[in-house]
Amino acid sequence: MDTITFPTTEQLSKMQTPCYYYDMALLQQTLDAIRQEVEQYEHFDVHYAVKANANPRVLSAISGAGLGADCVSGGEIKAAIEAGFPADKVVFAGVGKADWEIRLGLEHDIYCFNVESVPELEVINQLAAEAGKMARVAFRINPDVGAHTHANITTGLAENKFGISMRDMETVIRLAQQMEHVTFMGLHFHIGSQILEMDDFVALSHRINELQDRLEAVGITVPNINVGGGLGIDYQCPELFPVPNFKAYFATYAHHLKLRKGQHLHFELGRSVVGQCGMLISRVLYMKQGTNKQFAILDAGMTDLIRPALYQAHHAIRNLTSDEPASTYDVVGPICESSDVFEKDVVLPGVRRGDYFALLSAGAYGEIMASRYNCRALPGSYYSE
Ligand code: LLP
């Protein structure tokens with residue numbers, strides 16, 4: 001049975017808080033679950049979206065499991081290669097790739113550039129010519145498919161800055177086919193993040209089927225399809241569902257997306273790979289009695305985990321060191337911003353100064369989004385093994 005394992009009292013006493021704690025056994029179970037599903041399908045290639053968490057230990061566990069890497073910056077390409085991801089499994093996306101980042105990708109001969117505009121394609125062709133190389137490119141197409149998720153993390157709608165419109169798709173592919181230093185590798189999509197309704201992926205599959213029919217009718221063959229990432233995790237009951245439903249996810253695409261003969265289907269999963277294996281550990285600095293509320297003031301704040309402040313995201317909070325009778329608290333951080341609140345009206349076992357708290361489901365977009373605002377130190381990290 002898959003479970004989240006909390007740090008022991010002894011482990012807690014050695015930690016410098018605030019910090020991240022990674023359950024490496026759960027990460028391994030998650031990677032095993034992915035492998036078990038993917039093995040059933042002949043042409044499925046899974047890349048890990050490095051943006052979710054680039055902690056070196058986490059990255060090497062993932063590269064060790066044989067996944068590729070989806071990178072969005074030169075820094076991520078470097079981190080992925082250092083962690084052992086083979087360059088021929090690295091894809092590089094992003095609307096604003098700088099010249100040095102494109103050159104870095106070319107130097108390493110990465111698998112593919114996911115291109116988001118014609119000006120970018122022209123620069124890649126030119127830099128590849130200068131380097132005497134061929135750049136493999138896929139086009140990110142904006143499929144105009146909405147996802148049932150937070151507005152800040154939906155990306156597939158027509159008005160987003162991402163991708164090339166479906167209308168321009170054919171022209172852009174033809175342009176690439178005429179260029180001397182790029183090879184057309186396929187189409188790339190991504191409709192958003194934290195998606196739990198498989199119907200959203202069904203809608204994307206149908207749209208891709210339509211586009212493929214349209215391209216085939218004009219004689220264009222697409223060697224690869226990349227459907228991006230987006231599979232969500234259970235932020236409400238992480239202990240009950242620590243491993244996402246990869247079975248349903250991969251089966252949805254296998255069922256609805258019509259792959260052509262020999263065509264590969266690529267995935268870029270971030271949150272679903274690492275989300276549940278990480279927690280933010282923090283200590284209670286002060287208990288403060290307000291007029292109508294009790295505040296538990298933590299040593300962790302929005303600089304350590306920004307998701308609640310930025311997306312009103314819920315991270316389950318556990319008091320690891322109390323079995324006192326429960327009470328209701330607003331759990332807040334020490335930062336000078338009124339949005340520095342992890343959650344209001346949380347029922348927790350009686351809180352005292354010095355208690356250790358865990359904020360769960362913080363393995364994805366947690367440590368990596370930490371900042372030094374207020375001149376705070378970045379949170380450190382500890383591992384279960
Ligand atoms: N591929 C592309 C092109 C992406 O833009 C993203 C995420 C992924 C893959 C990975 O998506 P995932 O499997 O993790 O959903 N900071 C936000 C999430 C931003 C996601 C950005 N793109 C959060 O904390 O919820």
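Residues numbered from 1 in each chain as written. Predicted model: local features only at pLDDT ≥ 70, side-chain atom pairs only at ≥ 80, totals over all residues. Heavy atoms only, no water.

Undergrad: Run through the packing of helix α2 (residues 24-38) against helix α9 (residues 246-256), naming residues and quoting values.
TA: Packing of α2 against α9 brings their axes to within 9 Å, and their N-to-C directions diverge by 30 degrees. Compared by their axis directions, α2 and α9 come out roughly parallel. The interaxial crossing formed by α2 with α9 has right-handed handedness. Where α2 abuts α9, its residues Thr30, Ala33, Ile34, Glu37 and Val38 lie against Phe246, Lys247 and Phe250. Of the residues assigned to the contact of α2 with α9, the class counts are five nonpolar, one polar and two charged. (Axes fitted to C-alpha atoms, helices over the stretch in contact; angles between N-to-C directions. Helix = DSSP H or I, 4+ residues; strand = E, 2+ residues; numbered from the N terminus. Parallel < 35°, antiparallel > 145°, perpendicular 65-115°, else oblique. Left-handed = near helix turned anticlockwise from the far one by under 90°. Contact = heavy atoms within 4.5 Å. Nonpolar A, V, L, I, M, F, W, Y, C, P; charged D, E, K, R; others polar.)

Undergrad: Tell me about the domain arrangement of the protein chain, and name the residues and values.
TA: On domain assignment, one finds that the protein chain holds domain 1 (24-273) and domain 2 (276-383). Each of domain 1 and domain 2 has a C-alpha centre, and these two points are 33 Å apart. Taken together, the contacts link 21 residues of domain 1 with 20 residues of domain 2. Summing both partners gives a buried area of about 1,900 Å² for domain 1 against domain 2, and 55% of it is carried by carbon and sulfur. It is Asn55, Tyr235 and Arg271 that lose the most area in domain 1 upon contact with domain 2, and together they represent 26% of the buried surface on that side. One can count one salt bridge joining domain 1 with domain 2. The residue Glu239 makes a salt bridge to Arg318 at a minimum N-O spacing of 2.7 Å. Put simply, domain 1 and domain 2 have eight residue pairs in polar contact (both at pLDDT 80 or more) between them. (Domains from an automatic or database assignment. Buried area = accessible area lost by both parts, 1.4 Å probe. Salt bridge = Lys/Arg side-chain N within 4 Å of Asp/Glu carboxyl O. Polar contact = N/O pair within 3.5 Å; in protein donor to acceptor, adjacent residues only side chain to side chain.)

Undergrad: Please provide a residue-by-residue account of empty space enclosed by the protein, values included.
TA: Evaluated as defined, the whole model comprises two cavities of 30 Å³ or more. Empty space within the largest cavity amounts to approximately 70 Å³. Lining of the largest cavity is provided by Val91, Tyr111, Cys112, Asn114, Ala138, Met185, Leu187, His188, Asn224, Asn226 and His266. Residue contributions to the lining of the largest cavity peak at three residues, all from strand β8 (residues 182-188). Its volume calculated, the second largest cavity comes out at about 40 Å³. As for the second largest cavity, its lining consists of Gly105, Leu106, Asp109, Ile110, Phe113, Met134, Ala135 and Arg136. (1 Å grid on protein atoms, 1.4 Å probe; cavity = no way out; pocket = protein on both sides within 12 Å on 5 of 7 lines; lining within 4 Å. Points joined across faces, edges and corners; volume = space filled by probe spheres on them.)

Undergrad: For the pattern of salt bridges, give the residues involved together with the corresponding values.
TA: Pairs may arise between side chains of opposite charge once their charged atoms sit close together. Counted under the stated rule, the structure contains 20 salt bridges. With its nearest N and O atoms 3.6 Å apart, the salt bridge here joins Arg35 to Glu39. Judged by relative accessible area, Arg35 falls into the partly exposed class, the value being 45%. Relative accessible area serves as the criterion here: at 59%, Glu39 is assigned to the exposed category. With its nearest N and O atoms 3.5 Å apart, the salt bridge here joins Asp168 to Arg167. The exposed category is assigned to Arg167, whose relative accessible area is 70%. Here the salt bridges do not stand alone but share partners, grouping Asp32, Arg35 and Glu39 into one network. (Buried < 20%, exposed > 50% of the residue type's maximum accessible area, 1.4 Å probe, protein only.)

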